[in-house]
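# Chain and residue survey
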Amino acid sequence: MTVRIQDDLYMNINGEWQNSTVIPADKSMVGADRDLTDEIEKKLRRDLTAFADGSKQTDDQELLTAARLYIKASDYAARDKAGIAPVLPRIQRLLELSTLDDFIAAAPELLKDGYQMPAEMQIEANLNDATTDILNFAAIDTILPDAALYKEDSESNQQMFAAWSAMAKKLLLQAGITAANADQYIKDALAFDARSAQFTITNEEAAEVKNLNNPISWADFTQQVAGTGFAEAVRAQLKADPQHLNEYTPKTFSKFSTLFNADNYTEFLHYAIVTELIDQSGYLSDELRIIGGEYSRFLSGQPEAISKEKSAFRLTNRFMAEPVGIYYGRIYFGEAAKTDITNLVKQIIAEYKVQLHNNTWLSDATREKALQKLDTMKIKMGYPDQALPVYAKLHVDTDDTLFAAVQKMAAVFQADAFAKVDQPVNRGVWGMPGHMVNACYDPTKNDILFPAGILQPPYYDLDWSLAAKLGGTGATIGHEISHAFDNNGALFDAEGNMKNWWTPEDEAAFAKDTAKMAVQFDGLEYEGVKVNGKLCVSENLADNAGMDVALSILGPDVTKEQLQEFFKAYTLSWRTKMRPEFAKTILMQDVHAPATLRVNVPVKNFSQWYTAFNVKPGDGMYMDPANRIQIWNR
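Before going into details, it helps to say that this report is about the structure given with it.

### Examining the overall build of the chain
The helix and strand inventory of the chain stands at 27 helices and eleven strands. The globule rule puts the C-alpha radius of gyration for 634 residues at 26 Å, and the 25 Å found for the chain is close to it. Considered along the principal axes of its C-alpha atoms, the chain spans approximately 75 × 60 × 50 Å. The contacts of the chain with a sequence gap of at least 6 include a subset with a gap of at least 24, amounting to 75%. Averaged over its 62 positive side-chain charges, the chain has a centre that lies 3 Å from the centre of its 87 negative ones.

Okay, structure coming up:
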């Protein structure tokens, strides 16, 4: 029996698909985006194979490198023959570091060669000066999906630790570690993980970018980590002392001597050995690849590993995504669609300007800064014109094992990243490759990016009506643009600097809207798991704003049929089904609400929804006007 659209928009449009679709054993979820990703991958696997065997010709050397890597990754006979042997020299190297002094002496080379350090680092734009790339330091990722979970010793936690430990033990035994030693390694690794979890931030805290902005001088940083070799290892990768640093998780480094010292060094060493085996398992035999993914499959409820072919492509994508994406965009997207979608983006930006001009609660000073962000926003549609120079440095030698090939590539990428420290930001960098089915806004560059991968049905088609385009992808474009003004993006100015440009009064008013949006979602259930409204508030603000601006473009004279077309296209674009285990994990980590809620909650805030389907009080999809939220268009 079909549910009434007035009671459940998502299930009315997607219910038949939702009820009949079986999630394949090698997936944790299916949906519009995953289906499209599968289609894209099939095309690219076919094309890469053709380039490698010569049946398809290209002068693009970077694309040929991708093809060679894909063929090497697909040679499971060679991978299985090599087994675990390729990674054993790296494990032996770690085993020789029996004391902290040994680690300190070796740390510069260990970091250069991509070994686990007691903390992580990223080279990203300075949050306070977006013109320059700087070093950002953070705690290692916790084994559990959220550091908040370590505050209690639940049965669920123990099940996750048990699944991780079982995987780790299989890999350790394959590496020749005795069963008794393997148990001790795992015990020590869990101890280091638990200690690190005490000195990091929760997913909810990390969702607020202001919590990640903690500048520190090089002198103060070296003092924090003194006696561990970490600062010396970092400095060895650089031409000079770094001018600027930031700590995403400052508690990690204020407590570094507690986290990592001579007394607990063995715990870290064993953690590093286990992590090395897990991280490298995907480049080894098929058996090891499958073992190395056991924990992630446990968290997602996925019964089987992905196929060999998919794994080989995704491995290739990990290193060669940009050249592959440029090829995809040039061949499968086209200039006509690029021009059309760019014009739609400009139309949406223009409508945002109208909303801001008509806004009744922003002060003139804040409004002017917001309009400036729109005027300077960079639009990136489809794919970049050319790949970054680093890709020309990558090669795949015929005689190398897959493991050796990827180690060489990883070293090139790491050296390239360290060379960017304290250098000007390249604002032409694309945060996503051209074949990805996704989109993003980068507050430090003030740009929006829509790869060619997502600019096709069920999201967009050149020949669709305006209502369908706005429902399928226009609301998402509006979503990404609005990130310039959400609770995180509003902290960045037009140049991408974290600089408060709001008056205190405007900031207080917006904070009230943010709190209302958090309440609108908080506690709603998906697959028996409750949503954390604070964790996903920025994305829900963006969904609300994106739908608002897209509906505004349709205008006051829009017909009921056009509105129905809009809402149906929007709903089809969010078609998603996931395993309950994955829902439990993802709702702890993801700043996005589940797809069903991203359909059914936002629409209820807008009068056009009630007009389109004659929704009345008493209907499941009716919301009292007093509880509806519209942020910019009021």
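### Structural notes on the packing of helix α2 (residues 32–53) against helix α3 (residues 61–74)
Close contact between α2 and α3 brings their axes to 8 Å; oriented N to C, the two are set at 100°. Viewed along their axes, α2 and α3 adopt a mutual orientation that is roughly perpendicular. Of the residues in α3, those touching α2 at R45, L48, T49, F51 and A52 are L63, L64, A66, A67, Y70 and I71. Its residues assigned to classes, the contact of α2 with α3 shows nine nonpolar, one polar and one charged.

### Examining the side chain of Q6
Secondary-structure assignment places Q6 in the segment before α1 (9–20). Polar contacts involving the side chain of Q6 include one to the main-chain carbonyl oxygen of F613, which spans 3.0 Å. Not counting the four nearest positions on each side in its chain, Q6 is found in contact with F613, N614, V615, D619, G620 and M621.

### Describing the nonpolar core
Core analysis: the largest hydrophobic core is formed by 191 residues, its most contacted members being L135, W164, F230, I481, F567, W609 and W632. Setting aside anything within four residues of it in sequence, one finds W164 in contact with I143, I186, A189, L190, V274, I278 and Y295. Counting residues in each nonpolar core, the second largest holds eight residues, with A138, V209, Y248 and M498 among its members.

### Comments concerning the packing of helix α5 (residues 88–95) against helix α14 (residues 265–280)
Two elements in contact, α5 and α14, have axes separated by 10 Å at closest approach and are oriented at 170°. Judged on the interaxial angle alone, α14 and α5 are roughly antiparallel. For the pair α5 and α14, the contacting residues are R90, I91, L94 and L95 in the first and L269, A272, I273, E276, L277 and Q280 in the second. A per-class count over the contact of α5 with α14 returns seven nonpolar, one polar and two charged.

### Details of helix α22 (residues 504–521)
With 18 residues, α22 extends 26 Å from end C-alpha to end C-alpha; this agrees with the ideal 26 Å at 1.5 Å per step. Where α22 is concerned, the buried positions are D506, F510, D513, T514, M517, A518, Q520 and F521. Projected onto a plane normal to the axis of α22, the buried residues spread over an arc of 155° and lie on a single side. Those residues of α22 that are exposed and angled more than 90 degrees off the buried face are P504, E505, K512 and V519. Residues of α22 that are buried make contact with α19 (364–376), α23 (537–554) and α26 (595–600). Trailing α22 by a residue or two, G523 shows a phi angle of about 90°, which is positive.

### As for the pairing of strand β8 (residues 447–451)
Where burial is concerned, most of β8 is hidden: five out of the five residues are buried. Of the pairings in the sheet, the one linking strand β6 (residues 378–382) to β8 comprises five bridges and is parallel in character. Bridging across to β8, I379 finds its partner in I448. The hairpin turn running from strand β7 (residues 440–442) into β8, its antiparallel successor, is four residues long, and N446 in that turn takes a positive phi close to 50°.

### Things to note about α5
Considered for burial, the residues of α5 that qualify are R90, I91 and L94. Along the axis of α5, the buried positions cluster into a sector of 100°, meaning they face one direction only. If you follow the buried residues of α5, they end up packed against α14 and α20 (402–419).

### Section: the sheet that holds β6
The strand order β6-β8-β7 describes an open sheet built from three strands, whose pairing is mixed. The sheet terminates laterally at β6 and β7, the two strands that pair on one side only. The average undirected angle you get between the axes of adjacent strands in this sheet is 15°. With three bridges connecting them, β7 and β8 associate as antiparallel partners. Paired with Y441 across the bridge in β8 is I448. Running over the sheet, helix α18 (residues 335–358) touches β6 and β8 and is turned about 150° from β6.

The rules we used
- Residues numbered from 1 in each chain as written.
- Predicted model: local features only at pLDDT ≥ 70, side-chain atom pairs only at ≥ 80, totals over all residues.
- Heavy atoms only, no water.
- Helix = DSSP H or I, 4+ residues; strand = E, 2+ residues; numbered from the N terminus.
- Rg over C-alpha atoms; globule rule 2.2 N^0.38 Å.
- Contact = heavy atoms within 4.5 Å.
- Lys, Arg positive; Asp, Glu negative; His and termini not counted.
- Charge placed at Lys NZ, Arg CZ, Asp CG, Glu CD.
- Axes fitted to C-alpha atoms, helices over the stretch in contact; angles between N-to-C directions.
- Parallel < 35°, antiparallel > 145°, perpendicular 65-115°, else oblique.
- Nonpolar A, V, L, I, M, F, W, Y, C, P; charged D, E, K, R; others polar.
- Polar contact = N/O pair within 3.5 Å; in protein donor to acceptor, adjacent residues only side chain to side chain.
- Core = buried A, V, L, I, M, F, W, Y, C linked by side-chain atoms within 4.5 Å.
- Buried < 20%, exposed > 50% of the residue type's maximum accessible area, 1.4 Å probe, protein only.
- Expected span 1.5 Å × (residues − 1).
- Arc of directions from axis to C-beta.
- Pairing = 2+ DSSP bridges.

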